[in-house]
Amino acid sequence: MGPSDGVAWLIVGLLFAAAAVGVYVLTGSVLSALFVGVLVALVATGVVAML
């Protein structure tokens, strides 16, 4: 996954945003939201890289 893979980075970014906002809405904690968002982004990056 390189810098020119715009669609892949868009997918990862959208998954990060959706996870972070969802956790923030449910818990009200910014740190938990960022932690879960980063975790989801790392997993999504690995999955997209394997495709």
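These numbers were taken from a predicted model, which means no experiment stands behind them.

J.: With reference to specific residues and values, describe helix α1 (residues 6–27).
T.: Between its first and last C-alpha, α1 extends 31 Å over 22 residues, near the 32 Å set by a 1.5 Å rise per residue. Three or more residues of α1 are buried, namely A8, V12, A19, A20 and V23. Along the axis of α1, the buried positions cluster into a sector of 95°, meaning they face one direction only. Counted as exposed and oriented over 90 degrees from the buried face of α1: V7, L10, L14, A18, V21 and V25. Elements in contact with the buried residues of α1: α2 (30–50). Trailing α1 by a residue or two, G28 shows a phi angle of about 80°, which is positive.

J.: Describe the nonpolar core, naming the residues involved and giving the relevant values.
T.: One broad trend across soluble globular proteins is that nonpolar side chains are buried collectively. A8, V12, A41, A44 and V48 together form the largest nonpolar core, which totals five residues. For this core, the element with the most residues is α2, which contributes three residues. Setting aside residues no more than four positions away along its own chain, A44 makes contact with V12 and L15.

J.: An account of the environment of A41 is requested, with residue identities and associated values reported.
T.: Topologically, A41 is positioned in helix α2. Its relative accessible area of 14% is what places A41 among the buried residues. Separated by 14 residues in the primary sequence, A41 and T27 have C-alpha atoms spaced 19 Å apart. Residues within four places of A41 in sequence aside, it is in contact with V12 and F16.

Basis of the calculations
Residues numbered from 1 in each chain as written. Predicted model: local features only at pLDDT ≥ 70, side-chain atom pairs only at ≥ 80, totals over all residues. Heavy atoms only, no water. Helix = DSSP H or I, 4+ residues; strand = E, 2+ residues; numbered from the N terminus. Expected span 1.5 Å × (residues − 1). Buried < 20%, exposed > 50% of the residue type's maximum accessible area, 1.4 Å probe, protein only. Arc of directions from axis to C-beta. Contact = heavy atoms within 4.5 Å. Core = buried A, V, L, I, M, F, W, Y, C linked by side-chain atoms within 4.5 Å.

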